[in-house]
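# Overview (structure and organization)
Listed here are the chains, written in short residue letters.
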Amino acid sequence: FVKAALEDRLLGRQMIGITGEMASGKSYVAEKLAERLDATAINFDQLIRDLYIEDSPGAQKVRDTLADLLGPDVLDKDRKEVNRTSLKARLFNPHCPDKTRTQIHELTTPHVMRLYHKALAQAKGLVIVEWAQLAEMNMQAMVNGNVIVVEASDRAALATKRGIDEATLSNVAHHQWSADKKIEVLQQAAQRNDHGQVFHYMNDLDSERSARGIERLAETITGEIK
């Protein structure tokens, strides 16, 4: 709560996270909330994509290491970009060792956090941080314990709409917590720290119902966070 108070007073900034399972629609919710609340949105998945194409020695080392660990076809021919489809298939394959995933996490995290702090540096007002692994990585403190957990009313339909096949959805599910698990852990952390709010939002595939739901969520956040 001290960190939150300092951010509010010195930086003019309030933080809230958005997380959820794959194909829950969290990016859509983050985008619409940012529009509605005139907020800055930072997407960790986008930061990783930016790293994968960044023209720097550090980013090239990341790409080369990915190829060494997962195979050369996770890069394009000139090794300057990552083929994210191949990468995801290799990374979330049931036969991929946990040790390899840990190595990749340790390799990319310093670069991603560098890009995160760069994006955050000029942000004022409400900042929405989207990260699928926020709860799993025990990073709720970066948003002062304020987190929206997005769940889809029809996750299979949203996955199909995004072109995500059932096998990929199943493989990724082994490495992500369910919405209920995320909520449980985040609420426990908020209670333990005596600070933070955890919001559960059910995303709807119907655009009109979704718009109404996001409007209600925006009003709730305005009352609780801003």
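Moving on, we get to the nonpolar core. Among the nonpolar cores identified, the biggest contains 38 residues, and F44, L66 and Y116 are the most heavily contacted of them. Secondary-structure elements contributing two or more residues to this core are α3 (44-53), α4 (57-70), α5 (84-91), α6 (98-120), β3 (125-130), β4 (147-152) and α9 (179-193). Tallying contributions element by element places α6 first for this core, with seven residues. If near-sequence neighbours (up to four positions away) are discounted, Y116 is found in contact with M15, I42, F44, L47, V129 and M142. By size, the runner-up hydrophobic cluster in this structure holds 19 residues, among which are I16, V150, F199 and Y201.

Geometry of a packed helix pair, given as the angle between the helix axes and the separation of the axes. At their nearest, the axes of α4 and α6 sit 10 Å apart, and the two run at 175° to each other. Taken together, the axis directions place α4 and α6 in an arrangement best described as roughly antiparallel. In this structure, α4 uses G58, A59, V62, T65, L66, L69 and L70 to contact α6, whose residues at the interface are T100, Q103, I104, L107, T108 and H111. Across the contact of α4 with α6, the residue classes break down as seven nonpolar, six polar and no charged.

Okay, the packing of aromatic side chains next. Within the structure shown, the criterion is met by two aromatic pairs. Centre to centre, the rings of F44 and W131 are 4.3 Å apart; their planes meet at 5°, and the pair counts as stacked. Of this pair, F44 sits in helix α3 while W131 is found in the loop between β3 and β4, placing the two residues 87 residues apart along the sequence. By the ring-pair criterion, three or more aromatic residues cluster together here, those being F44, Y116 and W131. Positioned over the ring face of W177 is K181, at 5.4 Å from the centre of the ring.

Turning to α4, a few remarks are in order. The terminal C-alpha atoms of α4 lie 20 Å apart, and with 14 residues this matches the ideal 20 Å at 1.5 Å per residue to within 8%. By the burial criterion, the buried members of α4 are A59, Q60, V62, R63, L66, A67 and L70. Along α4, the residues classed as buried sweep out an arc of 155° about the axis, all on the same side. Facing away from the buried side of α4, by more than 90 degrees, are the exposed residues P57, K61 and D68. In this structure, the buried residues of α4 make contact with α3, α5 and α6. In the stretch just after α4, G71 is the one whose phi turns positive, near 115°.

Here is what the cut-offs are and how they apply
- Residues numbered from 1 in each chain as written.
- Predicted model: local features only at pLDDT ≥ 70, side-chain atom pairs only at ≥ 80, totals over all residues.
- Heavy atoms only, no water.
- Core = buried A, V, L, I, M, F, W, Y, C linked by side-chain atoms within 4.5 Å.
- Buried < 20%, exposed > 50% of the residue type's maximum accessible area, 1.4 Å probe, protein only.
- Helix = DSSP H or I, 4+ residues; strand = E, 2+ residues; numbered from the N terminus.
- Contact = heavy atoms within 4.5 Å.
- Axes fitted to C-alpha atoms, helices over the stretch in contact; angles between N-to-C directions.
- Parallel < 35°, antiparallel > 145°, perpendicular 65-115°, else oblique.
- Nonpolar A, V, L, I, M, F, W, Y, C, P; charged D, E, K, R; others polar.
- Phe/Tyr/Trp six-rings, centres within 6.5 Å; stacked < 30°, edge-to-face > 60°.
- Lys NZ or Arg CZ within 6 Å of the ring centre and 35° of its normal.
- Expected span 1.5 Å × (residues − 1).
- Arc of directions from axis to C-beta.

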